[in-house]
Amino acid sequence: MTAYAEVIGDPIAQSKSPAIHGFWLGKLGLAASYRPHHVPADALASYLAVARGDPAWRGCNVTMPHKQAVVPLVDRLDPLAARIGAVNTVVREGDALVGSNTDAGGFLEPLRQHLGSTHYFRMARVLGTGGAARAIVAALAAEKFIIVLAGRDPSKARDILDELDPGGEHHAVDLAHFADSTEFAFDDREGCLDLVVNASPLGMRGQPPLVFDWSHAPPGAIAYDIVTDPLATPFLSDARAAGHRTIDGLTMLIGQAALAFERFFGCPAPREHDAELRALLMS
């Protein structure tokens, strides 16, 4: 019996998770596998029912569009997943299926060097209101960011902010607010930490483009795009052209995968090979 884990979603062919986990399994010489599994929305419950009965199944990562739909189908949520209201990792603990969320930790990983410093002010403009955005909002709120959450439906953005950080001094706006240029004069940002995060699928291959005018970002802001296909998104290219630092989607993807890998296979991912892994994923 060979242990295995999977990534489920609809669609799923574009997922880089099998390459990531397969790379780590190979480096560690583990007799296990990780594979993609196409699961349409109407088959999610039956998939979990079958997986529950397979002793070789260690768990699954959950991608679009199931991160919220899977919540009522597991037996228990860990505290972070319960707070976020979205699950990207399901593992079996005894007879129970437990939902967790590694998106938040994976998102914060490349920001740790900045978060270790004291700032006068932290602000994040977060674009998107889906399951990944919920994890990112929860993570940033815990790190004392003031958040401007932008979505096609500002009322949905407002509801997310009120649910995840009630009492926080956050703002909800229409995504179109950032499409046109602004002449807003930013104050002195020295000693501040500013982020602009694309937490939506906009800009992904096959999706509409993300329209963001970089006049809305203060000098020194960090642009962070969670899209992985393509990796060099127009959002990041435009950010670099405007003089901003950038973080691409592979960074978060590898970070969250490492947290899930340890839960699936019981040992840490061999992160000393990250440069080789990135080269593989970009080839």
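Remember, it's a predicted structure, so these values are computed and weren't measured experimentally. (Residues numbered from 1 in each chain as written. Predicted model: local features only at pLDDT ≥ 70, side-chain atom pairs only at ≥ 80, totals over all residues. Heavy atoms only, no water.)

Caption draft 1: Here's a closer look at the nonpolar core. Phe107, Val126, Leu140 and Ile147 are the most contacted members of the largest nonpolar core, which totals 34 residues. For this core, the elements supplying multiple residues, two or more each, are α4 (103–108), β7 (121–127), α6 (131–142), β8 (146–151), α7 (154–164), β10 (192–198) and β11 (222–225). Looking at this core element by element, the count peaks at nine residues for α6. Counting residues in each nonpolar core, the second largest holds 26 residues, with Val7, Phe23, Leu250 and Leu281 among its members. (Core = buried A, V, L, I, M, F, W, Y, C linked by side-chain atoms within 4.5 Å. Buried < 20%, exposed > 50% of the residue type's maximum accessible area, 1.4 Å probe, protein only. Helix = DSSP H or I, 4+ residues; strand = E, 2+ residues; numbered from the N terminus.)

Caption draft 2: Spotlight on the packing of aromatic side chains. Enumeration according to the criterion identifies 11 aromatic pairs in this entry. On the basis of an interplanar angle of 75 degrees and a centroid distance of 6.0 Å, the ring pair of Phe264 and Phe265 is categorised as edge-to-face. Aromatic ring contacts, followed pair by pair, group Trp24, Tyr34, Phe261, Phe264 and Phe265 into a single cluster. For Arg35, the ring lying beneath its charged end belongs to Tyr4, and the centroid distance is 3.9 Å. (Phe/Tyr/Trp six-rings, centres within 6.5 Å; stacked < 30°, edge-to-face > 60°. Lys NZ or Arg CZ within 6 Å of the ring centre and 35° of its normal.)

Caption draft 3: Looking closely at the sheet that holds β7. With parallel pairing, six strands are arranged side by side in an open sheet as β9-β8-β7-β10-β11-β12. Looking along the sheet, the strands with just one partner apiece sit at the ends: β9 (171–174) and β12 (245–247). The average angle at which neighbouring strand axes cross in this sheet is 20 degrees, direction not considered. Inspection of the sheet shows β7 paired to β8 by five bridges, in the parallel sense. (Pairing = 2+ DSSP bridges. Axes fitted to C-alpha atoms, helices over the stretch in contact; angles between N-to-C directions.)

Caption draft 4: Molecular detail of the side chain of His244. Position of His244 relative to the elements: it lies in the loop between α8 (234–241) and β12. A distance of 3.4 Å separates a polar atom in the side chain of His244 from the backbone oxygen of Ala221. Setting aside anything within four residues of it in sequence, one finds His244 in contact with Trp214, Ala217, Pro218, Pro219, Gly220, Ala221 and Ala239. (Polar contact = N/O pair within 3.5 Å; in protein donor to acceptor, adjacent residues only side chain to side chain. Contact = heavy atoms within 4.5 Å.)

Caption draft 5: A look at the packing of helix α1 (residues 17–28) against helix α10 (residues 274–282). In the contact formed by α1 and α10, the axes pass within 10 Å of each other and the chain directions differ by 140 degrees. When the axes of α1 and α10 are compared, the pair comes out oblique. Where α1 crosses over α10, the two elements pack in a sense that is right-handed. In this structure, α1 contributes Ala19, Ile20, Phe23, Trp24 and Lys27 to the contact, and α10 contributes Glu276, Leu277, Leu280 and Leu281. (Parallel < 35°, antiparallel > 145°, perpendicular 65-115°, else oblique. Left-handed = near helix turned anticlockwise from the far one by under 90°.)

Caption draft 6: A look at α7. Buried within α7 are the following residues: Ala157, Ile160, Leu161 and Leu164. Take α7 and look down its axis: the buried residues cluster within an arc of 95 degrees, on one side only. For α7, the elements touching its buried residues are α3 (79–84), α6, β8 and β9. (Arc of directions from axis to C-beta.)

Caption draft 7: Quick peek at the sheet that holds strand β4 (residues 76–77). The sheet built from six strands is open, its strands ordered β2-β1-β3-β5-β6-β4 with mixed pairing. The sheet is open, and its two edges are formed by β2 (32–38) and β4, each paired on a single side. In this fold helix α9 (residues 249–265) packs onto β1 (3–9), β2, β3 (57–62), β5 (89–93) and β6 (96–100), with an angle of close to 160 degrees to the strand it touches most, β3.

Caption draft 8: Summary view of the pairing of β1. Along β1, seven of the seven residues are buried, which leaves the element largely enclosed by surrounding structure. Summarising the sheet, β1 and β2 pair through seven bridges and their orientation is parallel. Bridging from a neighbouring strand, Glu6 pairs with Arg35 of β2. Read as a crossover between parallel neighbours, the route from β1 over α1 to β2 is right-handed. Here five bridges tie β1 to β3, and the two strands are oriented parallel to one another. Considered in β3, the bridge of Ala5 is made with Gly59. (Right-handed = clockwise from strand over helix to strand, strands pointing away.)

Caption draft 9: Up close: the pairing of β8. Counted residue by residue, β8 has six buried out of six residues, so it is predominantly covered. Burial along β8 is two-sided: the face carrying Ile146, Val148 and Ala150 and the face carrying Ile147, Leu149 and Gly151 are both buried. Since β7 and β8 lie parallel, the crossover through α6 that links them has a hand, and here it is right-handed. A crossover links β8 with its parallel partner β9, the connecting element being α7, and its sense is right-handed.

Read these as spatial facts, not as claims about activity.
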